[in-house]
Amino acid sequence: MNHMFTASDVFDAYQRIHPYLPQTPLEESFYLGTENRSYFFKLESLQHVKSFKIRGALNKLLSLSEEEKHRGVATVSSGNHGVAVSYASKLLGIERALVIVPTITPKAKIKKIEYYGAQVMLLGSNYDEAHTLGLAYLKQHNMTYIDSYYDDPMVYAGQGTVALELLSQNPEIDTLVVPIGGGSLITGCAVVAKHLKPDIRIIGVQTDTCPAMIQAYQDHVFYETFPTTGTSICESLVGGIGKLSYEMLADYVDDLIAVRESTIRRGVKHMLLNEKFVVEAGSATTVAAVMDEPDRIGGKNVALVISGGNIDGDLIRTIINE
């Protein structure tokens, strides 16, 4: 199977998913801009499930055969992807959906996954264990696996619709700043954005506690797993990267930036108190990059992808009081 995908696949993905998903806003910042530079937030945090992950999950589910859906769909996740698969399954009337999570998963996340109808199974003491045990379970029970970020081109194409949408909302965007976790979001966005505007700059951002993609390209090594140094509030960004992203992104990305956790916290606080948007820490990495490296990012009309809004209430209170 050829795992590569093209801008045409992103266009096809958009045609599949747009009847089911509202267009998310592209809002100009009133505080970050300067006389010569404007910043715009692509607010995937305002998706119904508060995350861009619904795009890739829905595109994948819409591509399944009746036989694949009948077998039941399943994924391994402790966060936004699990919620997205549960919600997308409900949208499409898929009766059997399973989300496997590690035993340490907060009850609030489990309840959100269950709310949309998926069954939750607890396996393993951490994500890596849950992934290993979960894939074995799915194979044994012949369920259809819905990948999050590793190498499924249907998922990557779905995530790329973020860039397709924002460039239709503002064709003057010349720089696109995207958070990097597994890499499906930035890779999907980069492929279609470079097709539409070859001179657009694509900048990826990671927390400096887990710069897996940056280190992978420096070392010329695919890091399927990667350690976190110290403590990170960006739980959606830590860990290894996707194989397809590692193979493709280098041909499209213009710069990769690691930002400090202290600045990410400032970014969360800025978005809440000034811009009036609730965003998760992983999303605030793009804001942090603007705070620390505005000239390195450059551009005249800069889009910052705000990838999600699922942030813990206790963390919000802590950051506000800092």
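Our subject in this report is the structure included herewith. Bear in mind the structure is a predicted one, so any value in this text is a computation, not a measurement. (Residues numbered from 1 in each chain as written. Predicted model: local features only at pLDDT ≥ 70, side-chain atom pairs only at ≥ 80, totals over all residues. Heavy atoms only, no water.)

1. Digging into the overall build of the protein chain
Within the protein chain, the regular secondary structure consists of 14 helices and 10 strands. At 18 Å, the protein chain has a C-alpha radius of gyration in line with the 20 Å of a compact globule built from 322 residues. Seen through its C-alpha atoms, the protein chain measures out along the principal axes to roughly 60 × 45 × 40 Å. With 322 residues in all, the protein chain has 56% of them scored as buried. (Helix = DSSP H or I, 4+ residues; strand = E, 2+ residues; numbered from the N terminus. Rg over C-alpha atoms; globule rule 2.2 N^0.38 Å. Buried < 20%, exposed > 50% of the residue type's maximum accessible area, 1.4 Å probe, protein only.)

2. So, the sheet that holds strand 9 (residues 255-259)
Within the open sheet, the six strands sit side by side as 1-2-10-7-8-9. Their pairing is mixed. Edge positions in the sheet fall to strand 1 (26-28) and strand 9, since each has one partner strand and no second. Strand-to-strand twist of the sheet, defined as the mean angle between neighbouring strand axes without regard to direction, takes the value 25°. Pairing of strand 7 (residues 175-179) with strand 8 (residues 201-207), which is carried by five bridges, proceeds in the parallel orientation. Its bridge partner lying in strand 8, Leu-176 is registered against Ile-202. Packing against the sheet, helix 9 (residues 212-219) makes contact with strand 8 and strand 9, and its axis sits at approximately 130° to strand 9. Along the sheet, helix 12 (residues 285-292) contacts strand 2 (38-43), strand 7, strand 8, strand 9 and strand 10 (301-306); its crossing angle with strand 10, the most-contacted strand, is approximately 140°. (Pairing = 2+ DSSP bridges. Axes fitted to C-alpha atoms, helices over the stretch in contact; angles between N-to-C directions. Contact = heavy atoms within 4.5 Å.)

3. Some details on unusual backbone geometry
One non-glycine residue, Asn-142, adopts positive backbone phi at about 55°. Note on placement: Asn-142 falls in the loop between helix 6 (127-140) and strand 6 (144-145). Residue Asn-142 is classed as partly exposed on the basis of its relative accessible area of 45%.

4. Some thoughts on helix 2 (residues 53-62)
The buried fraction of helix 2 is high, at nine of 10 residues. Residues of helix 2 that are buried: Lys-53, Ile-54, Arg-55, Gly-56, Ala-57, Leu-58, Asn-59, Lys-60 and Leu-61.

5. Quick notes on the side chain of Thr-75
Relative to the assigned elements, Thr-75 resides in strand 3 (residues 73-76). The contacts of Thr-75, once residues within four sequence positions are left out, are His-81, Gly-82, Val-85, Leu-98, Val-99, Ile-100, Tyr-145 and Ile-146.

6. Concerning the environment of Glu-165
With respect to the element layout, Glu-165 can be found in helix 7 (residues 153-169). Distance in space between the C-alpha atoms of Glu-165 and Gln-23 is 7.5 Å, their sequence separation being 142 residues. If sequence neighbours within four positions are ignored, Glu-165 has contacts with Tyr-14, Gln-23, Thr-24, Lys-42 and Arg-55.

7. Quick look at the side chain of Arg-37
Inspection of the secondary structure puts Arg-37 in the loop between strand 1 and strand 2. Every residue in contact with Arg-37, bar those within four places of it in the chain, is listed here: Pro-294, Asp-295, Gly-298, Gly-299, Lys-300 and Val-302.

8. Considering the pattern of salt bridges
Tallied over the entire structure, the rule returns 14 salt bridges. Asp-152 is paired through a salt bridge with Lys-60; the nearest N and O atoms lie 2.9 Å apart. One end of the pair, Asp-152, is in the loop between strand 6 and helix 7; the other, Lys-60, is in helix 2, and 92 residues separate them in sequence. Comparing Asp-152 with Lys-60, the two get one shared label, buried. The partner of Arg-260 in a salt bridge is Asp-292, with the nearest N and O atoms 3.1 Å apart. Here Arg-260 is found in the loop between strand 9 and helix 11 (261-275), whereas its partner Asp-292 is found in helix 12, with 32 residues between them in sequence. When salt bridges that share partners are traced, they join Lys-42, Glu-44, Arg-55 and Glu-165 into one network. (Salt bridge = Lys/Arg side-chain N within 4 Å of Asp/Glu carboxyl O.)

9. Looking at the nonpolar core
Residues Phe-5, Leu-166, Leu-176, Ile-202 and Leu-249 are the most contacted members of the largest nonpolar core, which totals 43 residues. Other than its neighbours up to four places away in sequence, Leu-176 contacts Ala-163, Leu-166, Cys-189, Ala-193, Ile-200, Arg-201, Ile-202, Ile-203, Ala-303 and Val-305. Of all hydrophobic cores here, the second largest spans 31 residues; its members include Val-268, Ala-284, Ile-306 and Leu-315. (Core = buried A, V, L, I, M, F, W, Y, C linked by side-chain atoms within 4.5 Å.)

10. Here's the deal with the packing of helix 1 (residues 7-17) against helix 7
The angle between the axes and the distance between the axes are what describe a pair of packed helices. Running from amino to carboxyl end, helix 1 crosses helix 7 at an angle of 85°, the nearest separation of the two axes being 8 Å. One element, helix 1, and the other, helix 7, form an angle in the roughly perpendicular class. Along the contact surface, helix 1 presents Asp-9, Val-10, Phe-11, Ala-13, Tyr-14, Arg-16 and Ile-17, while helix 7 presents Met-154, Ala-157, Gly-158, Gly-160, Thr-161, Leu-164 and Glu-165. Here the contact of helix 1 with helix 7 is composed, by residue class, of eight nonpolar, three polar and three charged. (Parallel < 35°, antiparallel > 145°, perpendicular 65-115°, else oblique. Nonpolar A, V, L, I, M, F, W, Y, C, P; charged D, E, K, R; others polar.)

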